[in-house]
Amino acid sequence: MGRRLHVTHRTGYRYDGSASTSHNEARMTPRTTREQYVVSTRLDISPAAWAHSYVDYWGTAVTAFEITEPHERLDVTATSVVEVGDRTPDAPGATWAELADPVLRDRHVEYLAASGHADPPAELRRIATDAARRTERPADAVHAVLRRIRDRVAYEPGSTGVHTVAAAVWEARAGVCQDLVHLGLGALRSMGVPARYVSGYVMPRATGAVGETQVGESHAWLQYWDGAWVAFDPTNDTTPSDLHIEVGVGRDYFDVAPLRGVYSGSSASELFVEVELTVLA
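Worth saying up front: this structure is predicted, and the values here are computed from it rather than measured. (Residues numbered from 1 in each chain as written. Predicted model: local features only at pLDDT ≥ 70, side-chain atom pairs only at ≥ 80, totals over all residues. Heavy atoms only, no water.)

A word on the side chain of Q214
Here Q214 lies in strand β9 (residues 213–216). Reaching out from Q214, the side chain makes a polar contact with the backbone nitrogen of R205 at a distance of 2.8 Å. (Helix = DSSP H or I, 4+ residues; strand = E, 2+ residues; numbered from the N terminus. Polar contact = N/O pair within 3.5 Å; in protein donor to acceptor, adjacent residues only side chain to side chain.)

Here we look at the packing of aromatic side chains
Scanning the model with the defined rule gives eight aromatic pairs in all. Each ring, one from W58 and one from Y111, has its centre 5.6 Å from the other, and the planes form 50°; the classification is tilted. Taken together, the residues span a long stretch of sequence, with W58 in the loop between β3 (50–55) and β4 (61–67) and Y111 in the loop between α2 (102–107) and α3 (122–134) at a distance of 53 residues. Considered together, W58 and Y111 belong to a single accessibility category, that of buried residues. (Phe/Tyr/Trp six-rings, centres within 6.5 Å; stacked < 30°, edge-to-face > 60°. Buried < 20%, exposed > 50% of the residue type's maximum accessible area, 1.4 Å probe, protein only.)

Topic: helix α4 (residues 138–152)
Spanning 15 residues, α4 covers 21 Å between terminal C-alpha atoms, matching the ideal 21 Å at 1.5 Å per step. Taken together, the buried positions of α4 are occupied by P138, A139, A141, V142, V145, L146, I149 and R152. On an axial view of α4, the arc spanned by its buried residues comes to 160°, and they lie on one face. (Expected span 1.5 Å × (residues − 1). Arc of directions from axis to C-beta.)

Remarks on the packing of α3 against α4
Where α3 meets α4, the closest approach of the two axes is 8 Å, and the angle between their N-to-C directions is 150°. In this structure, the crossing between α3 and α4 has a hand that is right-handed. Two secondary-structure elements touch here, α3 through E123, L124, I127, A128, A131 and A132 and α4 through A141, A144, V145, R148, I149 and R152. Here the contact of α3 with α4 is composed, by residue class, of nine nonpolar, no polar and three charged. (Axes fitted to C-alpha atoms, helices over the stretch in contact; angles between N-to-C directions. Left-handed = near helix turned anticlockwise from the far one by under 90°. Contact = heavy atoms within 4.5 Å. Nonpolar A, V, L, I, M, F, W, Y, C, P; charged D, E, K, R; others polar.)

What about the sheet that holds strand β8 (residues 195–202)?
A sheet is described by the order of its strands in space; here four strands give the open sequence β11-β10-β8-β12, paired in antiparallel fashion. The sheet is open, and its two borders are formed by β11 (229–232) and β12 (244–250), each paired with just one other strand. Neighbour to neighbour, the strand axes of the sheet diverge by 35° on average, direction disregarded. Sheet topology note: the strand β10 (residues 218–225)/β11 ladder contains four bridges and is antiparallel. Residue pairing across strands places L222 opposite F232, the latter belonging to β11. This element, α4, spans β10 and β11 of the sheet and lies at about 145° to β10. Each of β8 and β10 is contacted by helix α6 (residues 177–190), which is oriented at about 10° to β10, the strand it contacts most. (Pairing = 2+ DSSP bridges.)

Any functional reading would require information that these geometric values do not contain.
Below, the structure written as structure tokens:
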């Protein structure tokens, strides 16, 4: 493993008044994969909650919890140490014929189906179809399409919300990491390449000193099937490195949202998020 990272992710809700009960799911625990190893992790919830942990259908660690006493604020803090290695692609390379095989398509059917927020606009579908027609290998088409998306859509923090659909982002020519991933997923799936959403974190500055804490945020990238899952970060136009920490995978953002739930009581709530990352070694 190449680098040891420490991440603290604090999130929760401030209620306008008081919530009498709340039921939530947290997806804030990093995954152990071939590229990273979770040395330690813990999830602290306040007020004290009944909790149950499991791994969901997509392979993401989930903590479901409920609070049955009145509370004006919900605080969830995930603290993890992760050893991250080189994410240089190590895949055999798929052919178009292999991707068209019914057995493979059945195995990855969820990552080939269009989803509402990742459904690509007609223009992007045409770009993807043309790229698939002109390239000998799917990986070449993938990078050609992702390059077109990045050239058209500027990364502008705060320009969209979690419910913004891919077609609206394409039209506005601006979005955040989640939007660039949704556009990429829709385009790749439209040309028959299985693709999935990845949630996690990335160190804001690669030049930070060991022991220096940096203020970060949740991040998103994608993985596509090339005989094995291969990652690419459309926002930074690069392959994820040992500065990325993977937390969850799914069809789109709504399969991996860090915190979601329902509550009764107060008429309004405000979400807050704080992420801090430190290189330990």
